[in-house]
Amino acid sequence: MRTSEGTGGTGGAGGTGAVGGAGRAAWAARAARTVAGLALGAVGAVLEGVAALLLLPLMVSPRGRRAVARAAGRVVRAERWRLDRLLGVRLPPYGPERTLPYLAARCPVGLLGGVVLACAATGLAYAGFALAGWLLVDVRQPLMVALGGAGGLLLLYLSAQGIGQVARMEAELAVRMLGPSQADALEARIAELAASRAEVMDVVHEERRRIERDLHDGVQQRLVALGMLIGRARRGQDPERTAELLRQAHEESRRALAELREVAWRVHPAVLDEAGLRHALEAVAERSPVPVRLAFAVPRPVSKPVETAAYFVVAEAVTNVVKHAGASAVDVQVTGKDGTLEVRVRDDGRGGADPAGSGLAGLASRVAALDGRLSVHSPAGGPTVIGAELPCA
């Protein structure tokens, strides 16, 4: 059974409401994480300032400086966790010589975050007090209560803007002081591009060898058998036998043509250029012997290289499911948001997929060539989830 379900970039009222509700929930979660991150940063800044005053006498000796550096390293590891989990700032490895300057520069920013949160709490308290006064108490000075509530709302609004600015300051400070320098970043980028180029060339050569094997073992053998059948039919004297040989030759030609189309499809499907990514993925779902449920929500067209990479991620993942997973169904989700095309393929098979295998390693190289990222989660017993993030810019 072959199934394909698609959802376009725009839906009905129910779909729009669900998407809007999910967007509001995601925004609320991000806001809560940001507030929690700034609150922890403010508490950490106070503790770090107190610890700096207490540990300052140790800086006079080399042993004391080493002890302070080790303590600063542990604090910065905790800061990296806070930045990553709560503020969404992912930092590359840093040198131990940069921990103390970062902590010294971070303390004022952390305290500023605490001040902004305190202002937000004050504004919320004033607005809540005014609302409670209107609803629960016989207000004798409504003008003063209204002015107090309006002032609280204004303070809350300004504090909300300040929370976002302080969070950006935290991120920029961490990236500047804990991240690599511009020269280091360029050097790492050059090394990454050289490695990805070499991996892509390996993938191209492996793909060429696979195509050669498919043509030699499949199409070529079909054509040889077709030639032999036609030759026997030409030499035959029995009309019935000749007709049977021609019928077999016709069937063999159909099989050869089907295998040739299959090889061409695996090289690059024409429907991808003619009709776009969604129709190409629907064709993959239709051709799969395992039921494939496709959810496609990409509001804007993406570039051809990104479409091609996304197509091959889905096609290779579905092929692996059919060959190895023993699954009963496959779920494919393709979504576009925040300048990134996200692909997720999940099956309910036996799991145990090897990310270092030739197929998945080739996909990882193909995705990395576009500055994307491929993830494979396949515990024993399943399920297997293959995800790809492809930047559309």
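Scroll up to find the structure this text is about.
Presented here is an overview of the structure given in this document. Nothing here was measured: the structure is a model prediction, and the numbers come from that model.

Here's the deal with the overall build of the protein
Consideration 1: What the protein contains, in helices and strands, is 10 helices and five strands.
Consideration 2: With 393 residues in all, the protein has 30% of them scored as buried.
Consideration 3: Of the contacts made within the protein by residues no fewer than 6 positions apart, 72% connect residues no fewer than 24 positions apart.

Some words on the pairing of strand β3 (residues 340-347)
Consideration 1: On β3, burial follows the alternation: Leu341, Val343, Val345 and Asp347 on one face are buried, whereas Thr340, Glu342, Arg344 and Arg346 on the facing-out side are not.
Consideration 2: Inspection of the sheet shows strand β2 (residues 330-337) paired to β3 by eight bridges, in the antiparallel sense. Each residue of the ladder has a partner; that of Lys337, found in β3, is Thr340.
Consideration 3: In sequence, β2 turns back onto β3 through a hairpin of two residues, with Asp338 there showing a positive phi of about 55°.
Consideration 4: Pairing of β3 with strand β5 (residues 384-391) involves eight bridges; the strand directions are antiparallel. Pairing of Arg346 across the sheet is with Val385, part of β5.

Remarks on unusual backbone geometry
Consideration 1: Positive phi is not limited to glycine here, since Asp371 has a value of about 65°.
Consideration 2: Residue placement: Asp371 occurs in the loop between α10 (358-368) and β4 (373-377).
Consideration 3: Accessibility expressed as a relative area gives 41% for Asp371, which makes it partly exposed.

So, the packing of aromatic side chains
Consideration 1: The final tally for this structure, using the stated rule, is one aromatic pair.
Consideration 2: Summarising the aromatic geometry, the rings of Tyr311 and Phe312 are spaced 5.2 Å apart at their centres and angled 75° between planes, so their arrangement reads as edge-to-face.
Consideration 3: Relative accessible area serves as the criterion here: at 2%, Tyr311 is assigned to the buried category.
Consideration 4: Exposure remark for Phe312: the relative accessible area of 12% places this residue in the buried category.

Re the pairing of β4
Residues in a regular strand point their side chains to alternate faces of the sheet.
Consideration 1: Summarising the sheet, β4 and β5 pair through five bridges and their orientation is antiparallel. Note that in β5 the partner of Leu374 across the bridge is Ala388.
Consideration 2: Linkage of β4 to β5, two consecutive antiparallel strands, is achieved through a turn of six residues, within which Gly381 is found at a positive phi near 95°.

Observations concerning the packing of helix α8 (residues 277-287) against helix α9 (residues 304-325)
Consideration 1: Direction vectors running N to C along α8 and α9 enclose 10°, while the axes themselves pass 10 Å from each other. One element, α8, and the other, α9, form an angle in the roughly parallel class. Seen from α8, the contacting residues are Leu277, Ala280, Leu281 and Val284; seen from α9, they are Glu307, Ala310, Tyr311, Val314, Ala315 and Val318.
Consideration 2: Considered class by class, the residues forming the contact of α8 with α9 number nine nonpolar, no polar and one charged.

Concerning the nonpolar core
Consideration 1: Of all hydrophobic cores here, the largest spans 38 residues; its most connected members are Leu277, Tyr311, Val334 and Leu341.
Consideration 2: Listing elements by their share of this core, those giving two or more residues are α8, β1 (292-297), α9, β2, β3, α10 and β5.
Consideration 3: Of all the elements, α9 adds the most residues to this core, at 12 residues.
Consideration 4: Leu87, Leu91, Ala120 and Val166 belong to the second-largest nonpolar core, a separate cluster that totals 20 residues.

A closer look at the sheet that holds β5
Consideration 1: Ordered by their spatial adjacency, five strands build an open sheet running β1-β2-β3-β5-β4, and the pairing between neighbours is mixed. Across the chains shown, the open sheet's two edge strands, defined by having one partner strand only, are β1 and β4. Within this sheet the neighbouring strands show an average axis-to-axis angle of 10°, counted without direction.
Consideration 2: Against the sheet, α8 contacts β1, β2 and β3, and its axis sits at roughly 170° relative to β1.

Rules behind the numbers
- Residues numbered from 1 in each chain as written.
- Predicted model: local features only at pLDDT ≥ 70, side-chain atom pairs only at ≥ 80, totals over all residues.
- Heavy atoms only, no water.
- Helix = DSSP H or I, 4+ residues; strand = E, 2+ residues; numbered from the N terminus.
- Buried < 20%, exposed > 50% of the residue type's maximum accessible area, 1.4 Å probe, protein only.
- Contact = heavy atoms within 4.5 Å.
- Pairing = 2+ DSSP bridges.
- Phe/Tyr/Trp six-rings, centres within 6.5 Å; stacked < 30°, edge-to-face > 60°.
- Axes fitted to C-alpha atoms, helices over the stretch in contact; angles between N-to-C directions.
- Parallel < 35°, antiparallel > 145°, perpendicular 65-115°, else oblique.
- Nonpolar A, V, L, I, M, F, W, Y, C, P; charged D, E, K, R; others polar.
- Core = buried A, V, L, I, M, F, W, Y, C linked by side-chain atoms within 4.5 Å.

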